[in-house]
Amino acid sequence: MTTQTQKIPAPAVAPAKRQSSAILTGHRFAGPLFASPALIGLAIFLVAPFVLAVVLSFYRVQLNSPRPARFIGFEQYTRLFTDPDLSAAFGQALLNNFTFALIVVPVQTVLALGLAVLVNRKLRGMVVFRTFIFMPLVFPLALTAVIWRLIYSRGDEGLLNALLGLFSGGALSSHDWLGSPSTALGSIIVMSIWQSVSFQMIIVLAALQSVPTELYEAAALDRANKWQQFINVTVPGIRNTLIFVALITTIFSFRLFDQVYLLSRSGSVDRGSTETVMTQIINTGFDNNNVGQAAAMTVIFMLIITMIAIIQRAAVRQRGGV
Amino acid sequence: MAGIIAAAAAVSVAALSLTGCGGPDTGNPGPSVQAGSGEGTINVWAVDGQAAENDALKKIISNFETSQNKIKVNLKLFPSDQYTKAVNSAAPGDLPDVLDFDGPTLASFVYNGKMAPLKDSVSEETLSNQTDSIKAQNTVDDAVYGVGMMNAGLALWGNKKLLDSAGVEYPTTPEGAWTAEEFSGVLDKLAAVVPGGKPLDLSEQYGFAGEWGTCCSAGPVIWSGGGTMLKDNKASGALDSEANVKSLTTLASWKKYTDPNADGLAFPNGRVALSWVGHWTYPTYKALGSDLVSIPLPNFGKGTKTASGTFAWGMGATTKNGAASGKFLDFLMSDESVRIYTDANGAPPATKTALSVSNLYGPGKQLQLLGDQLSKACGPEEQITETCVSVTRPVTAGYPIVTDQVGKAEAAIYSGKDAKEALSAAARAIDQNFADNDGYKK
């Protein structure tokens, strides 16, 4: 990044100021100078906090405590992996994150593609249809969570139960969707997909519209049917966009926080069944005031995410993608 | 990727900025109050509450300023969700002369050397007029750090029409409270008369995995069953006791009778006959008129119990104007001020003289039960007896971890997890945190 920015300004400014050697030396700093706002930003908001998190994770630090921070080496880490309670809770949170990602990434990407193909047709009233699909994204999550709590509410008062009861003749009518550990995470997954699939859809839609129509015409001349056109023209045409969509969905899945916080902290839900690493970090650091422990969790989580990102990028590169 | 790094960064930055303030550098000078001249301007911090509460507070302050001409009050209101953070992150020297605080946060403020004992600043008359339940909340290590205008209490609100149609007789005094078994029978009867077949509201909309769970839902159940959350500063052997396992399992067994109350309207709409909630819903519930009755919470073996305690007033540890601050606190606790304030928010008065003449909580009035319960104060949980009713939440600087874990355990038990397992895990987490902080002892 730095080498690039150094090259660009040099020829543009050089001819006019060739005389002055003082300014020539300035050229050497032009690149770093131009890069500095971004670099300083990165350092302050990314590098420094991460380094501090690493440092904090070696200390016993309690918020609102007059006691000085105590250096304890790797104790926070050994606790996270050996203390039966903590390791079970942290493992469960990680498992919830992975389960969420494993289900949401493929389902949401395919669904986004399907919806995009659907709304890409040139039919009358399509704008209205598109608007409706896009709407969940416009509403604040705090608002939609209130509605979804009513949908998932247990007993026949819940909208979902009422609907199921209607179709099953009253046989299925009182499941506690969020309260029962077996369906709590699933409920959050469904709400999450409903809420954000339209965002991915818009990106895929833009890509779909950039696929040249001549390709379809040529395919039609070769007697390719609609399905063959979709597989051989559409999908390769938007391949990079699909990869991008899958990538950002993975990222969203791992930083899952709001949905869990809003749906399961309110009400009588067993927190363990839906806890994600992010909610656990916040809980440890700011409800229990145990900053050292939270920092250790952050560091481990960061390492896991880095690993996933590297694997994902390598896999994509091999197939000649972005 | 960037999102995760940014989120992690936000966590650690926030963490650092907070530790910077409460951490090792500030030290702990302890209270150093100067009486001052008894005149001039005093700074006051308070929570930005309901509009009516704020108006009442401003009115009381203007009454104070017109009642004498030497002391002026400079009031600063903070949004309620930021208030405790503001006090937490202020160094002791930056705190105002007089400040509002929430009951369970007091021990932590004292631990951090942020509060001054009131003994020499506030008059003896004011201190002795405080009801026992508020006094228990405001006392840390045998010193009084706060005085309160109002208190808080819990009850089962009943819909008389529904109770009568099910033929249910209900108790009106703490002594007559239903036992847990009787209560299960009552719920059975009521289930037949309410529209949805679920006659009970346990205020699930507040969330059990939070302060509501500890203070007002699990708390009274634990105390009434003869258990405690902590014993000798340890949760193991107290929170995970057989008594607590039994009481909380009983509470969870009522889930089948419980309306989840996701819309918060179960009681006013007549979907349920009984609502387990605090005095603060009275302004909404009073729409039922004379059909609204207050019933003590069920007795799990050691008499009915309710939580008590709420926002109260104290002095910053380093005030230079102790005498004037004391005068202001005396004025806040006068009958007239307490009346203005509690009329505005409907809370039970926390001073003996104001409680006895209260229009709501006084003898023979509609909420007399809640007033009675508050005057039968137990003090903190280790002093619970069969006959006392209102219990103060654990007074310890480790309260944040206690409330987090107790609420979490209650929610888990309520959604079907084994009670012994959930409570033992909570107890271990609390003890670990206490051990890390040397028991939060000074």
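Residues numbered from 1 in each chain as written. Chains lettered and ligands numbered in written order. Predicted model: local features only at pLDDT ≥ 70, side-chain atom pairs only at ≥ 80, totals over all residues. Heavy atoms only, no water.

Undergrad: Run through the overall build of chain B, naming residues and quoting values.
TA: For chain B, the helix and strand inventory stands at 17 helices and 14 strands. Here the C-alpha atoms of chain B give a radius of gyration of 22 Å, agreeing with the 22 Å that 2.2 N^0.38 yields for 442 residues. Its C-alpha atoms give chain B principal-axis dimensions of about 65 × 55 × 45 Å. Of all 442 residues assigned to chain B, the portion counted as buried reaches 59%. If you take every contact in chain B between residues at least 6 apart in sequence, the share linking residues at least 24 apart comes to 76%. Summed over all atoms, the accessible surface of chain B reaches about 16000 Å², with 52% contributed by carbon and sulfur. Measuring between centres, the 35 positive side-chain charges of chain B sit 1 Å from its 47 negative side-chain charges. (Helix = DSSP H or I, 4+ residues; strand = E, 2+ residues; numbered from the N terminus. Rg over C-alpha atoms; globule rule 2.2 N^0.38 Å. Buried < 20%, exposed > 50% of the residue type's maximum accessible area, 1.4 Å probe, protein only. Contact = heavy atoms within 4.5 Å. Areas by Shrake-Rupley, 256 points an atom, 1.4 Å probe, with all protein chains shown as cover. Lys, Arg positive; Asp, Glu negative; His and termini not counted. Charge placed at Lys NZ, Arg CZ, Asp CG, Glu CD.)

Undergrad: Please provide a residue-by-residue account of the sheet that holds strand E10 (residues 292-295) of chain B, values included.
TA: Sheet strands associate in pairs through backbone hydrogen bonding, adopting either a parallel or an antiparallel arrangement. Residue and element names in this part refer to chain B. Spatial ordering of the open sheet is given by E8-E9-E7-E10, a layout of four strands whose pairing is mixed. Each end of this open sheet is capped by a strand with a single partner; those strands are strand E8 (200-201) and E10. The sheet strands contacting helix H9 (residues 211-224) are strand E7 (154-159) and strand E9 (274-278), and the helix crosses E9 at an angle near 120°. Sheet contacts for helix H15 (residues 368-375): E7 and E10; angle to E7, the most-contacted strand, approximately 160°. (Pairing = 2+ DSSP bridges. Axes fitted to C-alpha atoms, helices over the stretch in contact; angles between N-to-C directions.)

Undergrad: For the nonpolar core, give the residues involved together with the corresponding values.
TA: With 80 residues, the main nonpolar core has B:Leu156, B:Trp157, B:Leu239, B:Trp254, B:Leu274 and B:Trp276 as its most contacted residues. Of the residues forming this core, the biggest block, eight residues, is contributed by helix H16 (residues 399-414) of chain B. Within the second largest apolar cluster, 39 residues are counted, among which are A:Val104, A:Ile133, A:Leu178 and A:Val204. (Core = buried A, V, L, I, M, F, W, Y, C linked by side-chain atoms within 4.5 Å.)

Undergrad: Please give an account of the state of the cysteines that cites residues and values.
TA: All names here are of chain B. Counted under the stated rule, the structure contains two disulfides over all chains. In this model Cys-215 forms its disulfide with Cys-216; the gap between the sulfur atoms is 1.7 Å. Each member of the pair, Cys-215 together with Cys-216, is buried. With its sulfur 2.1 Å from that of its partner, Cys-378 forms a disulfide with Cys-388. Where Cys-378 bonds to Cys-388 through sulfur, the torsion about that S-S bond is close to 100°, and the disulfide is right-handed. (Disulfide = S-S within 2.5 Å.)

Undergrad: Could you give an account of the pattern of salt bridges, naming the residues involved and the relevant values?
TA: Throughout the structure, instances matching the rule amount to 20 salt bridges over all chains. A:Arg70 serves as the salt-bridge partner of B:Asp438, at 3.7 Å between the closest nitrogen and oxygen. Of the two residues, B:Asp438 is situated in the segment after helix H17 (419-436) and A:Arg70 in strand E2 (residues 70-71); the pairing between them involves two chains. Given the relative accessible area of 33%, A:Arg70 is considered partly exposed. The partner of B:Glu336 in a salt bridge is B:Arg339, with the nearest N and O atoms 3.3 Å apart. Of the two residues, B:Glu336 and B:Arg339 are both situated in helix H13 (residues 335-345); the distance of three residues between them amounts to about one turn of the helix. We classify B:Arg339 as partly exposed; its relative accessible area is 42%. Salt bridges sharing common partners tie together A:Arg60, A:Glu75, A:Arg79 and B:Asp436. (Salt bridge = Lys/Arg side-chain N within 4 Å of Asp/Glu carboxyl O.)

Undergrad: Let's hear about the packing of aromatic side chains: which residues, and what values?
TA: All names here are of chain A. Within this structure, the stated rule accounts for 26 aromatic pairs over all chains. Taken together, a centroid distance of 5.9 Å and an interplanar angle of 50° make the contact between Phe-58 and Tyr-77 tilted. One end of the pair, Phe-58, is in the loop between helix H3 (21-56) and strand E1 (59-60); the other, Tyr-77, is in helix H4 (residues 75-82), with 19 residues separating them in the sequence. This pair shows no difference in class: Phe-58 is buried, exactly as Tyr-77 is. Grouping aromatic residues by their ring pairs yields a cluster made of Phe-58, Tyr-59, Phe-71, Phe-74 and Tyr-77. (Phe/Tyr/Trp six-rings, centres within 6.5 Å; stacked < 30°, edge-to-face > 60°.)

Undergrad: Any chance you could break down the side chain of B:Ser308 for me, citing the residues and the numbers?
TA: All names here are of chain B. Checked against the element boundaries, Ser-308 lands in strand E11 (residues 306-308). Residue classification places Ser-308 among the buried residues on the basis of a relative accessible area of 3%. Ser-308 has contacts with Ser-133, Asn-151, Ala-152, Leu-374, Ser-390, Val-391, Thr-392 and Arg-393, leaving out every residue within four places of it along the chain.

Undergrad: Could you give me a rundown of the pairing of E7(B), with the residues and numbers involved?
TA: Residue and element names in this part refer to chain B. The buried fraction of E7 amounts to six of the six residues, a majority that puts the element mostly inside the structure. Residues of E7 alternate between two faces, with Leu-154, Leu-156 and Gly-158 on one and Ala-155, Trp-157 and Asn-159 on the opposite face, all of them buried. As judged from the five bridges shared by E7 and E9, these two strands associate in the antiparallel manner. Counted as the bridge partner of Leu-156 is Trp-276 from E9. Sheet topology places E7 next to E10; four bridges connect them, and they run antiparallel. Bridge pairing in E10 links Trp-157 to Ser-294.

As far as function goes, none of this settles anything; it's purely spatial.
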